[in-house]
Structures are given as C-alpha cells and as structure tokens.
Amino acid sequence: MLKKLDRLLRGTAELYAFPTWADFAAFLGTGYVDAAFFDPMVEPEADWWDRLQRLESSQRHRLIVYTTLTPELASVLLHLGRMGIREVVFSRLDDGPQRLTEALALTGVRVINEWCPY
C-alpha cells in the first residue's frame, strides 16, 4: 500500500509512515498534514472512538482509511463513520491511482502527476 501511495505522490508531496498511533497523532497535530492514510486493522482492538475523539474535527476530515477488506473491519468502519471519517480505500479492490487521487481530492488535496488526469 505504501508503494502505491509513494508512486502516486512522487514529486508532489512528502510521504511518512509511523509505527504507532501516538506518533501518527502527534504528527497530525503539527498542522503540516494535508491528508493522512491509516489502516485501523493494524491495531483492531484499539479504542478508535477515544483516539479520534482526541483529534480536532479538521484533523479527522483529513483522514482516509486505507485497509484490506475483512469481516472484522465492519464494526471498525461503523465506529469510524460515526466519528466523521468518510473516505475508505480498500487495498487490492479500489486502490488504483484514480481512486486514491479522488480520496485525496475529497480531503482538499490536489495531486498532479502522470497518474492523475485532472
């Protein structure tokens, strides 16, 4: 998943990966983030309500779930939707360049490169 994002964003944005939610949330708090992809299934037992409640509304608006579709994901997506997360991209199902670009655009990010026809 990281490789697809890197190819899409090459030359137009910086891509960072964080090993923990705490590191990720701290970086979101810097204000230098236009959009952020995350996979809630890395920590499926996490209290997403609590984690997302700590983020400002503007930070939640910039989050895009990028994950693999599994039966366990259903309840997590319901919780995330209640917290305002509206964009979900499924690995190996709809994560082509156009869909990733569309997800970014819905958070206010414009990607211009060879992958993007807009």
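Calculation rules
Residues numbered from 1 in each chain as written. Predicted model: local features only at pLDDT ≥ 70, side-chain atom pairs only at ≥ 80, totals over all residues. Heavy atoms only, no water. Pairing = 2+ DSSP bridges. Helix = DSSP H or I, 4+ residues; strand = E, 2+ residues; numbered from the N terminus. Axes fitted to C-alpha atoms, helices over the stretch in contact; angles between N-to-C directions. Phe/Tyr/Trp six-rings, centres within 6.5 Å; stacked < 30°, edge-to-face > 60°. Buried < 20%, exposed > 50% of the residue type's maximum accessible area, 1.4 Å probe, protein only. Contact = heavy atoms within 4.5 Å.

Engineer: Help me get a handle on the sheet that holds strand 3 (residues 87-90), residues and values and all.
Structural biologist: What the 3 strands build is an open sheet, ordered 1-2-3; its pairing is parallel. Looking at strand neighbours, the two that pair on one side only are strand 1 (36-38) and strand 3, the edges of this open sheet. Strand-to-strand twist across the sheet, computed as the mean angle between neighbouring axes with direction ignored, equals 30°. In this structure, strand 1 lies alongside strand 2 (residues 63-67), joined through 3 bridges in parallel fashion. Paired with Ala 36 across the strands is Leu 63, a residue of strand 2.

Engineer: Provide a residue-level description of the packing of aromatic side chains, including the pertinent values.
Structural biologist: For the coordinates displayed, the defined rule picks out 8 aromatic pairs. Measuring from ring centre to ring centre gives 5.2 Å for Phe 18 and Phe 27, while their planes differ by 35°; the resulting arrangement is tilted. When the centroid spacing of 5.7 Å and the interplanar angle of 65° are considered together, the rings of Trp 21 and Phe 38 count as edge-to-face. Within this pair, whereas Trp 21 is found in helix 2 (residues 21-28), its partner Phe 38 is found in strand 1, the two being separated by 17 residues in sequence. Both residues of the pair, Trp 21 and Phe 38, count as buried. Taken together, the ring pairs in this structure connect Tyr 16, Phe 18, Trp 21, Phe 24, Phe 27 and Phe 38 into an aromatic cluster.

Engineer: Go over helix 6 (residues 97-106) with me, naming the residues and quoting the values.
Structural biologist: Of the residues making up helix 6, those classed as buried are Arg 99, Leu 100, Thr 101, Ala 103 and Leu 104. Backbone geometry just downstream of helix 6 places Gly 108 in the positive-phi region, at approximately 100°.

Engineer: Go over unusual backbone geometry, please, and point to the residues and values.
Structural biologist: Residues other than glycine seldom take positive phi values, yet Arg 92 does so here, at roughly 65°. As for its placement among the helices and strands, Arg 92 is situated in the loop between strand 3 and helix 6.

Engineer: Please give an account of the environment of Tyr 66 that cites residues and values.
Structural biologist: Counting through the fold element by element, Tyr 66 comes out in strand 2. Tyr 66 gets classed as buried once you look at its relative accessible area, which sits at 2%. In the structure, Tyr 66 is positioned 43 residues away from Asp 23 in sequence and 18 Å away in space, judged by C-alpha atoms. Excluding anything up to four places from it in sequence, Tyr 66 contacts Met 1, Lys 4, Leu 5, Phe 37, Phe 38, Asp 39, Val 89, Phe 90, Ser 91, Asp 95 and Leu 100.

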